[in-house]
Amino acid sequence: MERLTAVTVDFDTSHLLFPGIITVVLLLLGVMILIQERKRIAASGAYWQAIFTRMDKLRFFGTLAATLLYFCAMVPVGDIWPNTGLGFLICSVFYVFLVGMLFLHQRNRRSVIPVVLTALIAPTLVWWLFTELFYLTLP
Amino acid sequence: MEFFDLISPLFVALVFAGTVVGIVFGAVPGMTATMAVAVCLPLTYSLGLANGLALLLGLYVGGISGGLVPAILLGIPGTPSSITTTLDGHPMSQRGEGETALRIGIIASLVGGLISLLILYLFAPTLADFAIRFSYVEKFLIILFALTVMAALSSNLLIGIFSGFLGIFISLIGTYDVSNGGNGEYRLIPPGTEYWLDSGFSLLPVLIGLFGLAAILEEAEVGVPEGQKADDIKHDQQRKFSLSIFKGQLTNLTRSSCIGTFVGILPGVGGSAASILAYSNAKTFSRHPERFGKGEPAGVMASESGNNGLTGGALVPLLSLGIPGDSTTALLIGAFTLQGIQVGPLFIGNNPSVWNAMIFAMLLANIFMFVVMYFAIRQVARIVTVPKQILFPVILMMCVIGAYTINYGIMFDVWTLLLFGLFGWLAIKLRLEIAPFIIGFILGPSAEVYFVKSLESFGDLSIFFTKSWIAVLLWVLIVASVTGSVLLSRRHARDNGAD
C-alpha cells in the first residue's frame with residue numbers, strides 16, 4: 001500500500017506537477033459538466049441568440065469600443081508630454097464624456113451639461129490627486 | 001507602532017468618508033460594496049496600512065448597509081445581500097411606512113454589525129493561535145475545504161467546483177516562484193507572452209475587472225436603465241418612529257446576526273446567503289410566518305442584521321487563516337499586498353496594533369453608518385436617484401487608474417482589467433460561479449506550494465489523510481459539504497419534478 005501512494009517529486013519538473021493535476025481535474029469536471037448539462041448545452045444556440053436579441057448593442061459594444069480606444073490612446077498621447085500624466089488626463093476627459101453620452105437616455109442640453117462637467121472635473125481631480133498628492137506615475 | 005499612534009483625525013475621517021461613499025455605492029442599484037472597495041483601493045497606496053484599511057472597512061460596512069435603501073424604497077436590492085429586505089421592506093414602503101422600514105433596517109444593521117464585530121474580536125485571535133500549528137498538509141486541506149464549501153453553496157455543485165479550479169489554474173500562469181521554494185521555471189504561458197506573464201496576472205486588475213468592469217458591462221447590456229426620479233420616493237406621512245417596534249425581537253436580531261456572522265466565516269459565501277438564511281429562520285421561528293413577505297418588520301430586521309453580521313464574520317477566516325470570507329474581503333487582501341503584508345495565522349500576533357485599529361475602524365464604521373443613515377434618512381433616500389451616466393464612466397476611469405498604478409505603471413495590468421472584465425461578463429452568461437473562481441485565483445499559488453512541499457517533505461500521498469487528527473477532521477468536513485450539497489440538489493430536483 002505504501003508503494004502505491006509513494007511519490008517522488010523531481011525538483012526540475014516540480015513546476016509542472018500541480019498545474020498538471022489541476023488540468024486533469026478541470027478536464028474531468030468539464031466532461032462531467034458536459035454530461036450533466038447536455039440538454040442546456042444543446043439549447044445554447046437559442047440562449048445566446050436571446051441574449052444578443054435583448055442586448056442594447058449600441059451601449060454594450062459602444063462601451064467596449066470606447067474602452068479599447070481609451071486604452072490604446074493613453075500611452076501614445078502620454079508620450080507627447082512624458083511623465084506628466086497628461087495622456088491619462090486628456091484621454092479620460094474624452095472617455096468619461098463619450099461613455100456618459102452613450103449611457104444618456106435623453107440627450108438634451110439639461111442632461112448633457114452634467115455629463116460635460118463630470119468629464120472635465122472628475123478626471124482632473126483624480127489626475128491631481130494621483131500625480132500631485134500621491135506622486136504616482138500616470139501615462 | 002502602538003495602537004494610539006495609528007489612530008489620528010485622518011484615520012477617523014477616512015472611516016467616515018469610506019462609510020459615506022460605501023452607502024452611496026450600496027444605495028445605487030447595480031453597484032456593490034465590492035465595487036466600492038475595488039474602485040477606491042488605489043487611493044490606499046499612499047495612506048499606509050492602518051489608514052488604508054480605515055477607508056476600505058468604512059466602504060465595506062457602508063456598502064453592505066446602503067443596499068437596504070433601494071430595497072425598501074424601490075423594491076430593487078441595491079446589493080445582492082439586500083434581496084430579502086425587499087420582501088418586507090418594500091411592502092412597508094408601499095403602505096406609507098418607508099421611513100419606518102428604513103429605520104428598522106438601519107438599527108438592525110447596526111446590531112448585526114456590532115455582534116459580528118464582537119465575534120470577530122473574540123474568535124479570530126483564537127483561531128489564528130490554533131492555525132499557527134498547522135503544517136503544509138493542513139493548510140492545503142483548509143484551502144480544499146474552502147473551495148468545496150463555496151462550491152457546495154453554489155447553485156450548481158459541479159460548476160462551482162469547476163469555477164474554483166479554473167481560478168487556481170489561471171493563478172498558476174507564470175513562473176513557479178523561487179521565493180516560495182519553486183524552481184523558477186515558466187508554465188502555462190502561451191509562447192511570446194513571457195515578458196508580460198512572467199509573474200502571471202496581478203490580483204487587483206483581475207478583481208477590478210471582475211467586479212468593476214463586468215458589472216458595468218452587465219448594465220450596458222441592458223441599456224443602463226434610468227435611475228428613479230425623486231418624486232418616486234414616498235415619505236411617511238404619519239406617526240413618529242418608536243423603538244417599541246423592536247419589542248420581542250431580541251432573539252430574532254441576535255439569531256440573525258449570529259447566522260450572518262457564521263455564514264461570513266464560511267469562505268467565499270456572500271451576504272445574499274447570510275440574509276436569505278437569517279430571513280428563512282426568522283420566518284420559521286415566527287409566531288406569524290404568514291405575515292412575512294407582506295411588510296413584516298421582523299423580516300427587515302432578520303435580513304439586515306443577517307447581512308451586516310457578515311461583515312465581521314468574513315474577516316475571521318481572512319485574518320486568522322488568510323482565506324477571504326467573501327469577495328469584498330478578497331479585495332482587502334489586495335490592500336495588504338500593496339503594503340507588503342501577508343495575512344494569515346501570524347498576522348494578528350505580529351501586528352497587534354493594526355489588528356486593534358481594524359477593530360476600531362469597524363466599530364467606528366458601524367457607528368458612522370448608523371448616524372449618517374438614521375439622522376439623514378431623507379438625504380440618504382435621494383441617493384437612489386443619482387444618475388448612472390454620471391457615476392459609471394467615473395467608476396470605469398477609477399478602475400483603469402487602479403489597475404495601472406498597482407505595479408507602479410504597467411499597461412499590461414490595464415489590459416488584464418479589460419480581459420477579466422469581459423471574462424466576468426461572459427462567466428455570468430455561462431453561469432460560472434465568480435466567488436469560487438476568485439477564491440481559487442487568490443489561494444491557487446499557496447495551494448500549490450502547500451501541496452508540492454508536503455509531497456517533497458513526506459514523499460507519500462497518504463500524508464494528506466494521516467498527518468494529524470485535524471487533517472482527518474478536514475476530510476470529514478470536505479466530504480460532508482460535498483455530500484450535503486449533492487443531497488440538497490437532488491431534493492431540489494425531486495421537488496421541482498413533483499411540481
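Keep in mind that this is a model prediction, so the values were computed, not measured. (Residues numbered from 1 in each chain as written. Chains lettered and ligands numbered in written order. Predicted model: local features only at pLDDT ≥ 70, side-chain atom pairs only at ≥ 80, totals over all residues.)

Peer 1: Any chance you could explain the overall build of chain B here in plain terms?
Peer 2: For chain B, the count of helices and strands is 22 helices and 2 strands. Along the first, second and third principal axes, the C-alpha set of chain B runs to 70 × 50 × 50 Å. Looking at chain B residue by residue over its 499 residues, the buried ones come to 61%. The long-range share in chain B, meaning contacts at least 24 apart out of those at least 6 apart in sequence, stands at 80%. (Helix = DSSP H or I, 4+ residues; strand = E, 2+ residues; numbered from the N terminus. Buried ≥ 20, exposed ≤ 12 C-beta atoms within 10 Å, placed from the backbone. Contact = placed C-beta atoms within 7 Å.)

Peer 1: Explain the overall build of chain A to me, please; I cannot follow it from the model alone.
Peer 2: Check the secondary structure of chain A and you find 7 helices and 0 strands. The order of α-helices and β-strands along chain A, N terminus first, is α-α-α-α-α-α-α. For 139 residues, the compact-globule estimate of 2.2 N^0.38 gives 14 Å, and chain A exceeds it by more than 25% at 25 Å. Overall, chain A is about 75 × 45 × 25 Å in size when its C-alpha atoms are taken along their principal axes. Evaluated residue by residue, chain A yields a buried proportion of 25% over its 139 residues. Contacts in chain A between residues at least 24 apart in sequence constitute 49% of all its contacts with a sequence separation of at least 6. (Rg over C-alpha atoms; globule rule 2.2 N^0.38 Å.)

Peer 1: Help me out: how do you make sense of the nonpolar core in this one?
Peer 2: General note: in soluble globular proteins, nonpolar side chains tend to be found buried as a group. All names here are of chain B. Formed by 204 residues in total, the largest nonpolar core has its most connected members in Leu 57, Leu 207 and Ala 361. With 17 residues, the single largest contributor to this core is helix α6 (residues 83-131). Excluding residues that lie within four positions of it along the chain, Leu 57 makes contacts with Val 15, Gly 18, Met 358, Ala 361, Met 362 and Ala 365. (Core = buried A, V, L, I, M, F, W, Y, C linked by C-beta atoms within 7 Å.)

Peer 1: Looking at this model, I keep getting lost on the packing of helix α4 (residues 49-66) of chain B against helix α13 (residues 297-321) of chain B. Mind explaining?
Peer 2: The axes of two packed helices give the description: the angle between them and the distance between them. Residue and element names in this part refer to chain B. Running from N to C, α4 and α13 point in directions that differ by 165°, and their axes come no closer than 9 Å. Here α4 is positioned roughly antiparallel relative to α13, judged by the angle of their axes. For the element pair α4 and α13, the recorded crossing hand is right-handed. Contact residues: Tyr 60, Val 61, Ile 64 and Ser 65 in α4; Asn 307, Asn 308, Leu 310 and Thr 311 in α13. Broken down by class, the residue content of the contact of α4 with α13 amounts to 4 nonpolar, 4 polar and no charged. (Axes fitted to C-alpha atoms, helices over the stretch in contact; angles between N-to-C directions. Parallel < 35°, antiparallel > 145°, perpendicular 65-115°, else oblique. Left-handed = near helix turned anticlockwise from the far one by under 90°. Nonpolar A, V, L, I, M, F, W, Y, C, P; charged D, E, K, R; others polar.)

Peer 1: What am I meant to see in the packing of helix α14 (residues 327-338) of chain B against helix α20 (residues 434-458) of chain B here?
Peer 2: Residue and element names in this part refer to chain B. Across the interface, α14 lies against α20 with an axial gap of 10 Å and an inter-helix angle of 25°. Considering their axes alone, α14 and α20 lie roughly parallel with respect to each other. When the axes of α14 and α20 are compared, the crossing they make is left-handed. Between α14, through Ser 327, Ala 330 and Ile 333, and α20, the contact on the second element is made entirely by Ala 435, Ile 438, Ile 439 and Ile 442. Looking at the contact of α14 with α20 residue by residue, the classes come out as 6 nonpolar, 1 polar and no charged.

Peer 1: Would you take a moment to explain the domain arrangement of chain A for this structure?
Peer 2: Bring the parts together and some accessible area is lost; that lost area is often taken as the interface size. You can read the domains of chain A as domain 1 (2-52) and domain 2 (55-133). Just the C-alpha atoms count here: the centres of domain 1 of chain A and domain 2 of chain A sit 40 Å apart. (Domains from an automatic or database assignment.)

Peer 1: Help me understand unusual backbone geometry in this model?
Peer 2: Residues apart from glycine generally show negative phi values, whereas peptide bonds are mostly found in trans. For Asn 83 of chain A, which is not glycine, the phi dihedral falls at a positive 60°. If you check the backbone angles, Leu 188 of chain B has positive phi at about 60° while not being a glycine. Mapping Leu 188 of chain B onto the fold places it in the loop between β2 (186-187) and α9 (194-197).

Peer 1: Quick question: what am I supposed to make of the interface of chain B and chain A here?
Peer 2: Between chain B and chain A, the contact holds 51 residues from the first and 52 residues from the second. Put simply, the parts of the chain that give the side of chain B that touches chain A at least two residues each are α8 (157-171), α10 (203-221), α18 (388-405), α19 (411-429) and α20 of chain B. Ranked by the residues each element gives to the side of chain B that touches chain A, the list is headed by α18 of chain B, at 11 residues.

Peer 1: I would appreciate a short explanation of α4 of chain B in the present structure.
Peer 2: Residues lying three or four places apart along an α-helix face the same way, a consequence of the helix completing one turn every 3.6 residues. Counted at 1.5 Å a residue, the expected span for α4 of chain B with its 18 residues is 26 Å, and the 25 Å between its end C-alpha atoms agrees. Among the 18 residues of α4 of chain B, 18 are classified as buried, and the element is accordingly described as predominantly covered. (Expected span 1.5 Å × (residues − 1).)

Peer 1: Quick question: what am I supposed to make of the confidence of the model for chain B here?
Peer 2: Regions with low pLDDT carry predicted coordinates that are not meant to be interpreted in detail. All names here are of chain B. Residues of chain B with pLDDT of at least 70 account for 95%, and the chain-wide mean is 85. Per-residue pLDDT, averaged within each element of chain B, yields its smallest value for helix α1 (residues 3-6) (73) and its largest for α19 (94). Model confidence for the complex is summarised by a pTM of 0.82, with the ipTM given as 0.93. (pLDDT = per-residue confidence, 0-100.)

Peer 1: What should I look at first to understand the environment of Lys 240 of chain B in this one?
Peer 2: Residues and elements named next belong to chain B. Looking at the secondary structure, you find Lys 240 in the loop between α10 and α11 (250-265). Owing to 7 C-beta atoms within 10 Å, Lys 240 belongs among the exposed residues under this scheme. Remark: the alpha-carbon pair of Lys 240 and Glu 99, spanning 141 residues in sequence, is separated by 9.7 Å.

Peer 1: What is the right way to read helix α7 (residues 136-152) of chain B from this model?
Peer 2: Its 17 residues give α7 of chain B an end-to-end C-alpha distance of 24 Å, which sits within 8% of 24 Å, the value for a rise of 1.5 Å per residue. Most of α7 of chain B sits out of view: 17 of its 17 residues are buried.

Peer 1: Can you help me understand the environment of Tyr 121 of chain B in this one?
Peer 2: All names here are of chain B. Mapped onto the elements of the fold, Tyr 121 is located in helix α6. For Tyr 121, a count of 18 C-beta atoms within 10 Å gives the class partly exposed. Put simply, Tyr 121 and Arg 491 are 370 residues apart on the chain and 38 Å apart in space, counted from C-alpha to C-alpha.

Peer 1: Help me understand the environment of Leu 391 of chain B in this model?
Peer 2: Residues and elements named next belong to chain B. Tracing the backbone shows Leu 391 in helix α18. For Leu 391 and Ile 401, which are 10 residues apart along the polypeptide, the C-alpha to C-alpha distance reads 15 Å. Once residues within four sequence positions are removed from consideration, Leu 391 is found in contact with Val 28 and Val 386.

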